[in-house]
Amino acid sequence: MQFINDQNYSYWERKHFFNPFDLLVIGSGIVGLSTAISFREKNPRASVLILESGFMPNGASTKNAGFACFGSAGEVLDDLSQMPETSVWKTVKMRSDGLQILRDRLKDKNIDYRPYGGFELFTDEKEFLQCREQLPFLNKEMKRVLGFKTCYSEVSTGKMRFNGTKGAILNAFEGQLDTQLMMKNLTLLARKKGIEILNGVTVSGFNDLGRSVEIISDKGIFKALKVVVATNGFAKTLLSIKDVEPARAQVLITKPITNLKIKGAFHFFKGYYYFRNIDNRILFGGGRNLDFKKETTQQQGLNSKIQDHLQKLLKEMILPDTRFEIDQRWSGIMGVGSEKQPIIKFVSANVLAAVRMGGMGIAIGSYVGEEASKKIS
């Protein structure tokens, strides 16, 4: 759809379709908003527009579990066994730095940040003992990389009474936050800084013309000097990037539970399962490892096999002596690949990709936005 003959268009339409923006961001999740905000802070007079296909962001930013985490002991050790050591610690630092950028930008009260810690549960005693032996090494490296003293420690889950667990290791510097509150206040901050956000605009492609970019959408052709594609798990819809795939995550939440003893963010089985308290409810997600093929999709929806297994684990392991009812179930689309570091690179002269958060969008998203803004400023 090409717009010509501006006499038939309003001031608003002429402004958006004929005047190129300094920056146009595709996607209004945490990466898209963070990129736009960081860019605007560096260029206070720049014109910035965000395009979002949905009424709200449709990826993981509004549907995740609210974990403010950067790496459990078992996950870091597993990564070290498969990836170069420098890459592992660099990724951990990106996540930690991203969380700090987010907290500094919005302040803890505006994201309801709770520093309850991150707990890794082990159902295999041998695996737990092997991990526990490595805690001095991990703590030494965490102090070197992040400056954290005694990041990891063995703890008792005590009154939480989990069934079948052989041990637990605490990351004292992790926490949890309110995803919806975070996105609400990021959006409000963007608008306060003069960033325009248009919802209900589906982008189907772009043409990099050298000095500017044409962005093709169902509402017409927008123009911008620079474009950032921040669609994460939906990246392949617009980009020819090989190493990023959609990964759907299944989640459920209980109705309020009287005298709930669980407080904190918990992981087990290499992070494939995760749960935390939201006041007096339990939010539980994961299980993608049960059906990788079906969960490699951009389609929202529930996987009954995984949802049934989550409910079974909730009953038998997490809340073995507690009556509960499921209140809601949903899914969210992440962006993953063979590496855990995000992709922040130009795919053409004026179009930058900022994708592949690896399921750590809350932690790493603000860092990615900051780095993306530097590359295009």
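Each remark here, short or long, concerns the structure printed above.
About the thresholds
Residues numbered from 1 in each chain as written. Predicted model: local features only at pLDDT ≥ 70, side-chain atom pairs only at ≥ 80, totals over all residues. Heavy atoms only, no water. Helix = DSSP H or I, 4+ residues; strand = E, 2+ residues; numbered from the N terminus. Contact = heavy atoms within 4.5 Å. Areas by Shrake-Rupley, 256 points an atom, 1.4 Å probe, with all protein chains shown as cover. Lys, Arg positive; Asp, Glu negative; His and termini not counted. Charge placed at Lys NZ, Arg CZ, Asp CG, Glu CD. Pairing = 2+ DSSP bridges. Axes fitted to C-alpha atoms, helices over the stretch in contact; angles between N-to-C directions. Salt bridge = Lys/Arg side-chain N within 4 Å of Asp/Glu carboxyl O. Buried < 20%, exposed > 50% of the residue type's maximum accessible area, 1.4 Å probe, protein only. Parallel < 35°, antiparallel > 145°, perpendicular 65-115°, else oblique. Left-handed = near helix turned anticlockwise from the far one by under 90°. Nonpolar A, V, L, I, M, F, W, Y, C, P; charged D, E, K, R; others polar. Phe/Tyr/Trp six-rings, centres within 6.5 Å; stacked < 30°, edge-to-face > 60°. Lys NZ or Arg CZ within 6 Å of the ring centre and 35° of its normal.

1. Thoughts on the overall build of the chain
Scanning the chain for helices and strands turns up ten helices and 18 strands. The principal-axis extents of the C-alpha atoms in the chain amount to approximately 70 × 45 × 40 Å. Considering only residue pairs separated by 6 or more positions, the chain has 73% of its internal contacts joining residues 24 or more positions apart. On the chain, roughly 17400 Å² of surface is accessible, and the fraction owed to carbon and sulfur atoms is 48%. Once the 53 positive and 39 negative side-chain charges of the chain are each reduced to a mean point, those two points are 3 Å apart.

2. Points about the sheet that holds strand S14 (residues 273-278)
Spatially, S5-S6-S4-S13-S14-S15-S12-S16 is the arrangement adopted by the eight strands of the open sheet, whose pairing is mixed. Single-partner strands in this sheet number two, and they are strand S5 (152-155) and strand S16 (326-336). The mean inter-strand angle of the sheet, taken between neighbouring strand axes irrespective of direction, is 25°. Bridging between strand S12 (residues 245-254) and strand S15 (residues 281-286) involves three bridges; their strand directions are antiparallel. From the neighbouring strand, Ile 253 faces S15, where its bridge partner is Leu 283. Where helix H5 (residues 125-133) meets the sheet, its contacts fall on strand S4 (118-122), S5 and strand S6 (167-171), and the angle it forms with S6 comes to roughly 35°.

3. Thoughts on the pattern of salt bridges
Throughout the structure, instances matching the rule amount to 20 salt bridges. Glu 371 serves as the salt-bridge partner of Lys 374, at 3.3 Å between the closest nitrogen and oxygen. With Lys 374 and Glu 371 both in helix H10 (residues 361-376) and three residues apart, this pair spans about one turn of that helix. Here Lys 374 falls in the partly exposed class, since its relative accessible area comes to 46%. Accessibility expressed as a relative area gives 22% for Glu 371, which makes it partly exposed. Bridged by salt links that share partners, the residues Glu 75, Asp 79, Arg 95 and Lys 340 form one connected network.

4. Here's the deal with the packing of helix H2 (residues 30-42) against helix H7 (residues 179-192)
Between H2 and H7, the least distance of the axes is 10 Å, while the angle of their chain directions is 30°. Viewed along their axes, H2 and H7 adopt a mutual orientation that is roughly parallel. Relative to H7, H2 is oriented so that their crossing is left-handed. On H7, the residues touching Ile 30, Leu 33, Ser 34 and Ile 37 of H2 are Met 182, Met 183, Leu 186, Thr 187, Leu 189 and Ala 190. Of the residues assigned to the contact of H2 with H7, the class counts are eight nonpolar, two polar and no charged.

5. Things to note about the environment of Ala 168
Looking at where Ala 168 falls in the secondary structure, it is placed in strand S6. The spacing of Ala 168 and Glu 120 is 48 residues in sequence and 5.5 Å in space, taken between C-alpha atoms. In this view, Ala 168 contacts Glu 120, Leu 121, Phe 128, Ser 153, Glu 154, Val 155 and Thr 157; residues no more than four positions away in its chain are not counted.

6. Observations regarding unusual backbone geometry
With glycine set apart, most residues show a phi of negative sign, and most peptide bonds adopt trans. Despite not being glycine, Lys 270 shows a phi value in the positive range, around 60°. In this fold, Lys 270 is placed in the loop between strand S13 (265-268) and S14. With a phi close to 65°, Arg 356 is a non-glycine residue in the positive phi region. Along the chain, Arg 356 falls in the loop between strand S18 (351-355) and H10. Here Arg 356 falls in the buried class, since its relative accessible area comes to 6%.

7. Some thoughts on the packing of H2 against H10
Two numbers describe how H2 lies on H10: the axes approach to 7 Å, and their chain directions differ by 40°. Of the possible angle classes, the one that applies to H2 and H10 is oblique. Every pair of crossing elements has a handedness; the one defined by H2 and H10 is right-handed. Here Ile 30, Val 31, Ser 34, Thr 35, Ser 38, Phe 39 and Lys 42 of H2 come into contact with H10, specifically with Gly 361, Ile 362, Gly 365, Ser 366, Val 368, Gly 369, Glu 370, Ala 372, Ser 373, Lys 374 and Ile 376.

8. Structural notes on the pairing of strand S17 (residues 343-348)
Consecutive side chains of a regular strand alternate in pointing toward one face of the sheet and then the other. Sheet topology note: the S17/S18 ladder contains five bridges and is antiparallel. Along S18, the bridge assignment pairs Lys 345 with Ala 353. Count of turn residues in the S17/S18 antiparallel hairpin: two residues.

9. Things to note about the packing of aromatic side chains
Applying the stated criterion to the full structure yields 16 aromatic pairs. Note on Phe 162 and Phe 275: the rings are 5.5 Å apart at their centroids and 75° apart in plane angle, and the pair reads as edge-to-face. Here Phe 162 is found in the loop between S5 and S6, whereas its partner Phe 275 is found in strand S14, with 113 residues between them in sequence. In this pair, the class of Phe 162 matches that of Phe 275, namely buried. For the ring pair Tyr 272 and Phe 292, a centre distance of 5.9 Å and an interplane angle of 70° mean the geometry is edge-to-face. Of this pair, Tyr 272 sits in the loop between S13 and S14 while Phe 292 sits in helix H8 (residues 292-295); the two residues are 20 residues apart in sequence, bridging distant segments of the chain. The class of Phe 292 is partly exposed, set by a relative accessible area of 37%. A network of ring pairs unites the aromatic residues Phe 119, Phe 162, Phe 266, Phe 268, Phe 269, Tyr 272, Tyr 273, Phe 275, Phe 284 and Phe 292 as a single cluster. When the ring centre of Tyr 113 is taken as origin, the NZ or CZ atom of Arg 103, which lies over that ring, is 4.0 Å away. Just above the ring of Tyr 116 sits the side chain of Lys 263; from NZ or CZ to the centre is 4.9 Å.

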